[in-house]
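Secondary and tertiary structure notes
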Number of protein chains: 2
Amino acid sequence: MSITRPRGFRAVGLPAGIKSTGAADLAVILNDGPRDTAAAVFTSNRVQAAPVLWSRQAIADGRARTVVLNSGGANACTGPEGFADSHRTAEHLAEQLEVSAQDVLVCSTGLIGERLPMEPLLAGITTAVTQLDAGPQADESASRAIMTTDSVPKTSEATTPSGVVVGGIAKGAGMLAPQLATMLVVLTTDADVDAATADAALRAATSTTFDRVDSDACMSTNDTVILLASGASGVTPSLEELTEAVRAVSADLARQLVADAEGASHDVHVVVSSASTEQSALAVAREIARSNLVKAAIFGNDPNWGRIVAAAGCVPEAVAPFSVDDLSVTVNGIQVCRGGGAHRDRSEVDMTPRETLIEVDLGAGDATGDIWTNDLTHDYVEENSAYSS
Amino acid sequence: MSITRPRGFRAVGLPAGIKSTGAADLAVILNDGPRDTAAAVFTSNRVQAAPVLWSRQAIADGRARTVVLNSGGANACTGPEGFADSHRTAEHLAEQLEVSAQDVLVCSTGLIGERLPMEPLLAGITTAVTQLDAGPQADESASRAIMTTDSVPKTSEATTPSGVVVGGIAKGAGMLAPQLATMLVVLTTDADVDAATADAALRAATSTTFDRVDSDACMSTNDTVILLASGASGVTPSLEELTEAVRAVSADLARQLVADAEGASHDVHVVVSSASTEQSALAVAREIARSNLVKAAIFGNDPNWGRIVAAAGCVPEAVAPFSVDDLSVTVNGIQVCRGGGAHRDRSEVDMTPRETLIEVDLGAGDATGDIWTNDLTHDYVEENSAYSS
């Protein structure tokens with residue numbers, strides 16, 4: 001189970017006819033309270049889809065009762081008409097549930113630049129509210145309805161020491177194709193917390209989980225992560241306790257996103273240690289994770305440390321102070337580069353496992369940072385070059 | 001002809017046995033004077049190959065008599081021993097030519113992390129100096145000896161109004177695989193100019209030519225562009241006149257590098273206009289040129305403006321102020337996006353030509369900037385994932 005495991009939540013997913021395939025494409029998640037605490041983080045792309053613009057202002061008061069999500073269309077780059085569509089979606093669901101439209105969050109995913117088919121979408125919402133339910137089937141249908149190029153639904157849950165439950169669903173085939181596979185995540189909890197606590201827990205959790213997945217450096221116009229808190233457990237955990245559970249669910253979902261990345265044959269974990277600061281470590285890890293030459297080499301099962309060192313060398317000294325002569329690189333446990341030069345033979349490295357661990361030691365401090373990415377494969381090129389209409 | 005078209009230069013290329021294939025792998029270019037003016041620009045990667053470290057200090061006085069270039073090994077990440085190899089290379093050539101080692105520049109290209117085979121290299125230099133010559137055959141042999149994955153040699157020349165000649169050779173299969181295909185360029189001129197003029201002309205020319213080629217955002221450890229001036233014409237052109245000719249030869253060579261990029265099926269010219277500053281325009285153009293999603297779409301002959309707009313949106317507002325609502329995108333002459341939304345149908349765009357022109361209008365000023373790149377193809381993945389040893 002996932003989003004309705006915490007007390008106080010119902011959900012449903014169904015085919016509304018937005019996708020031409022007839023697959024499920026609409027999900028509604030309802031917080032029955034008693035609290036309606038909510039927090040969210042959104043894409044930092046300056047091009048923001050209409051549902052992101054809507055949800056940003058709706059969440060400003062730290063409250064939300066429900067989330068409606070659709071696949072089959074991103075409603076991005078659709079102008080004032082697209083925003084009116086998101087607004088109308090929220091108003092229609094609000095009427096059905098007898099709540100304020102300002103308590104409705106909207107998420108969309110699919111092609112950029114096309115209007116949503118509003119008639120089937122609104123009709124789908126009318127049907128959906130009659131089918132809201134708690135339990136495994138409700139969670140399953142909701143998690144499936146938000147899939148695009150995902151091959152499997154992503155769900156997770158965790159329980160804190162004081163008995164608070166956190167559940168979550170996610171969609172996104174990695175971040176590999178954000179135009180078609182935007183990352184959407186809804187987390188629920190029955191913790192009895194206020195908006196400031198929910199916001200702090202969500203931001204702390206996403207900064208070390210979803211923010212560290214970087215499959216192809218391409219940022220979506222629609223990325224959204226939402227946390228709803230019902231208060232139905234009657235338990236108010238500490239911020240640390242809540243953060244830990246939200247982080248655990250987020251980390252699990254983030255790992256599932258990487259594992260299902262479009263066309264990938266390796267999940268790549270880049271860990272940079274002995275950096276002067278965590279930001280330095282992350283900058284080096286991200287540069288390595290974004291190097292097409294490193295990613296193509298991993299696809300070819302080549303622990304090509306020269307490309308890893310060259311990528312690290314592209315980070316400006318002001319961002320990450322280190323000396324090339326102190327740099328070491330370990331791939332899947334074999335230290336192939338030491339002191340900036342060749343060390344153990346790279347033929348010793350076993351690159352056949354799905355997971356590739358790249359450890360870079362900068363010899364410049366004691367901070368660490370990590371990024372998850374994927375390799376660059378023929379299937380990635382294929383899936384992202386097929387004509388998208 | 002190319003590097004020996006300007007008066008005062010001789011050159012040669014030959015197989016020294018550095019490459020196991022027996023192909024040509026060593027070139028020497030000699031400036032017979034009367035002047036020995038020289039300027040150079042190098043990679044800004046913090047990981048600098050031994051020949052780059054050597055040449056940087058050798059060029060510091062604005063003088064050089066000769067350049068020795070090898071393919072078949074980059075001599076990068078080879079530590080103090082690698083630096084000693086570059087030093088020994090320079091000393092050996094200096095002895096043969098009876099010049100100072102400080103007047104010898106060294107360039108290498110090939111695999112990172114391996115020492116060069118010094119015996120055949122030094123023996124090759126001894127042979128090379130006996131074969132130095134001017135003319136089409138000398139130019140041809142030198143331009144071929146520096147090739148790695150290049151499919152054709154790259155040469156160019158230009159003559160200024162006052163009769164000064166500039167010639168050049170280049171290697172690099174785009175910047176697509178800098179580890180194996182570092183960009184090395186040697187330009188020669190018979191202009192009678194001092195080091196400050198040569199340096200100014202070279203920097204002005206490279207900033208709008210080689211610096212604007214960005215095939216895969218990966219920066220080599222060995223990139224080097226050298227300008228040698230013999231003064232043999234007896235003509236001292238103005239800085240503007242010399243710069244124009246150096247720029248023309250550099251632009252021609254840069255365009256040849258893009259056209260020969262490994263595995264590419266499209267040469268992509270990204271032109272960003274109506275920006276607040278040239279730097280803003282270049283930042284947006286570079287972000288688009290580096291987007292794997294944009295590049296994969298072009299491989300699929302898809303003028304996917306949503307991905308172009310999403311890439312532009314990743315540039316921070318402080319770097320490039322513009323409003324998404326003012327943005328337009330024109331692909332091969334068809335304006336597919338206007339005012340941030342869909343405009344003409346993308347099926348109208350003919351993507352079959354090798355050259356793809358992406359024009360982005362930011363509506364935020366009157367500055368322009370452009371970047372050349374390539375598409376992301378199966379062949380790119382294939383060539384860069386094959387085990388490199």
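Only a predicted model underlies this, so the values are computations on that prediction, with no experimental measurement involved. Within any chain, residue numbers begin from 1 and follow the written order of that chain's sequence. Each chain gets a letter, beginning with A, and each ligand a number, beginning with 1, in the order they are written. Residues qualify for local features only when their pLDDT is at least 70, as the model is predicted, and side-chain atom pairs are given and counted only at 80 or more; totals for whole chains, interfaces and linings, by contrast, use all residues. Side-chain measures were taken over the full set of non-hydrogen atoms in the model, leaving aside hydrogen atoms and water.

1. A look at the UniProt feature "binding site: substrate" (unreviewed entry) in chain A
Residues and elements named next belong to chain A. Applicable threshold: UniProt positions are given in the numbering used here, feature names are shortened, and annotations may be inferred rather than shown by experiment. Only DSSP runs of H or I reaching four residues or more are called helices, and only runs of E reaching two or more are called strands; each is numbered from the N terminus. Per-residue accessibility, obtained with a 1.4 Å probe over protein chains only, is compared with the maximum for each type, and a residue is labelled buried under 20%, exposed over 50%, and partly exposed between these values.
As annotated by UniProt and renumbered to match this structure, "binding site: substrate" (unreviewed entry) occupies Thr148, Lys171, Thr182, Glu262, Asn384 and Ser389. Mapped onto the fold, Glu262 is located in the loop between α7 (239–259) and β10 (267–275). Relative accessible area serves as the criterion here: at 5%, Glu262 is assigned to the buried category.

2. Side note on the domain arrangement of chain A
Residues and elements named next belong to chain A. This is how it is decided: Annotation comment: domain bounds sourced from an automatic or database domain assignment. Two residues qualify as a contact provided that any one of their heavy atoms is within 4.5 Å of a heavy atom in the partner residue. Between Lys or Arg on one side and Asp or Glu on the other, a salt bridge is scored when a side-chain nitrogen of the former is within 4 Å of a carboxyl oxygen of the latter. Polar contact is the term for a pair of N or O atoms within 3.5 Å; when the atoms are in protein, one must be able to donate a hydrogen and the other to accept it, and sequence-neighboring residues count only if both atoms are side-chain atoms. Ten residues, namely Ala, Val, Leu, Ile, Met, Phe, Trp, Tyr, Cys and Pro, are considered nonpolar, four, namely Asp, Glu, Lys and Arg, are considered charged, and the remaining ones, Gly among them, are considered polar.
When the domains of chain A are assigned, the result is domain 1 (9–259) and domain 2 (267–385). Put simply, the middle of domain 1 and the middle of domain 2, counted by C-alpha atoms, are 33 Å apart. The partner domain 2 presents 17 residues to the twelve residues of domain 1 that form the contact. At the junction of domain 1 and domain 2, the tally comes to four salt bridges. Two residues, Arg255 and Glu355, come together in a salt bridge whose shortest N-O distance is 3.0 Å. At the junction of domain 1 with domain 2, the criterion picks out eight residue pairs in polar contact (both at pLDDT 80 or more). When its residues are assigned to classes, the side of domain 1 that touches domain 2 shows six nonpolar, one polar and five charged.

3. Structural notes on the pairing of strand β8 (residues 184–189) of chain A
Residue and element names in this part refer to chain A. Selection rule: Note on pairing: two strands pair once DSSP finds at least 2 bridges between them.
In terms of burial, β8 is a largely internal element, six of the six residues being buried. Residues Leu184, Val186 and Thr188 of β8 are buried on one face, and the alternating residues Val185, Leu187 and Thr189, pointing to the opposite face, are buried as well. When β8 meets strand β9 (residues 224–229), the two strands line up parallel, connected through six bridges. Within β9, the position partnered with Leu184 by the bridge is Thr224.

4. Details of empty space enclosed by the protein
Residues and elements named next belong to chain A. Formally: The definitions used throughout rest on a 1 Å grid laid over the protein atoms alone, on which a cavity is an enclosed set of points accommodating a 1.4 Å probe that cannot get out and a pocket is an open set flanked by protein within 12 Å on both sides along at least five of seven lines; lining residues are those having an atom within 4 Å of a point. Grid points are joined across faces, edges and corners, and a volume is the space filled by probe spheres set on the points.
For the structure shown, the criterion picks out one cavity of 30 Å³ or more. Estimates place the volume of the largest cavity at around 40 Å³. In this structure, the largest cavity is lined by Val294, Ala297, Ile298, Asp302, Pro303, Asn304, Ile308, Val331, Met351, Thr356 and Ile358. Looking at the lining of the largest cavity, the elements with two or more residues in it are α9 (292–299) and β14 (355–361). Looking at the lining of the largest cavity element by element, the count peaks at three residues for α9. Here the residues of the lining of the largest cavity are counted per class, giving eight nonpolar, two polar and one charged.

5. Thoughts on the sheet that holds strand β10 (residues 267–275) of chain B
All names here are of chain B. Note the following rule: Only C-alpha atoms enter the line fits that serve as axes; for helices the fit covers just the stretch in contact. Angles between N-to-C directions range over 0 to 180 degrees.
The six strands lie next to each other as β13-β12-β11-β14-β10-β15, forming an open sheet whose pairing is mixed. Each edge of the sheet is formed by a strand with only one pairing partner; in this case those strands are β13 (341–342) and β15 (367–374). Summarising the sheet, strand β11 (residues 328–331) and strand β14 (residues 355–361) pair through four bridges and their orientation is antiparallel. Within the sheet, the bridge partner assigned to Thr330 lies in β14 and is Glu359. Taken strand by strand, helix α8 (residues 278–289) contacts β10, β14 and β15, and its axis lies near 25 degrees from that of β15.

6. Description of the packing of helix α2 (residues 79–97) of chain B against helix α3 (residues 118–131) of chain B
Any two packed helices are characterised by how steeply their axes cross, that is the angle between the axes, and by the distance between the axes. Residue and element names in this part refer to chain B. Test applied: Any angle between 65 and 115 degrees counts as roughly perpendicular, while under 35 counts as roughly parallel, over 145 as roughly antiparallel, and the rest as oblique. Throughout, a crossing is termed right-handed when the near helix is turned clockwise from the far one, and left-handed when it is turned anticlockwise from it by less than a right angle.
Interaxial distance between α2 and α3 falls to 10 Å at its minimum, and their mutual angle equals 25 degrees. Accordingly, the angle class assigned to the pair α2 and α3 is roughly parallel. Taken as a pair, α2 and α3 cross one another with a handedness that is right-handed. Facing Asp85, Arg88, Thr89, His92, Leu93, Gln96 and Leu97 of α2, the residues of α3 in contact are Met118, Leu121, Leu122, Ile125, Thr126 and Val129. Split into classes, the residues belonging to the contact of α2 with α3 amount to seven nonpolar, four polar and two charged.

7. Considerations on the interface of chain B and chain A
This is how it is decided: Buried area: the sum, over both parts, of the accessible surface (1.4 Å probe) that disappears when the two are put together.
Contact with chain B, which involves 58 residues of that partner, is made by 58 residues of chain A. Surface buried jointly by chain B and chain A totals about 4,300 Å² across both partners, of which 56% is contributed by carbon and sulfur atoms. The tally of links from chain B across to chain A stands at two salt bridges. Here chain B and chain A share 14 residue pairs in polar contact (both at pLDDT 80 or more) between them. Every element with two or more residues in the side of chain B that touches chain A is listed here: α5 (178–181), α9 (292–299), α10 (305–312), β13 and α11 (378–385) of chain B. Here the side of chain B that touches chain A takes six residues from α11(B), the largest share from any one element.

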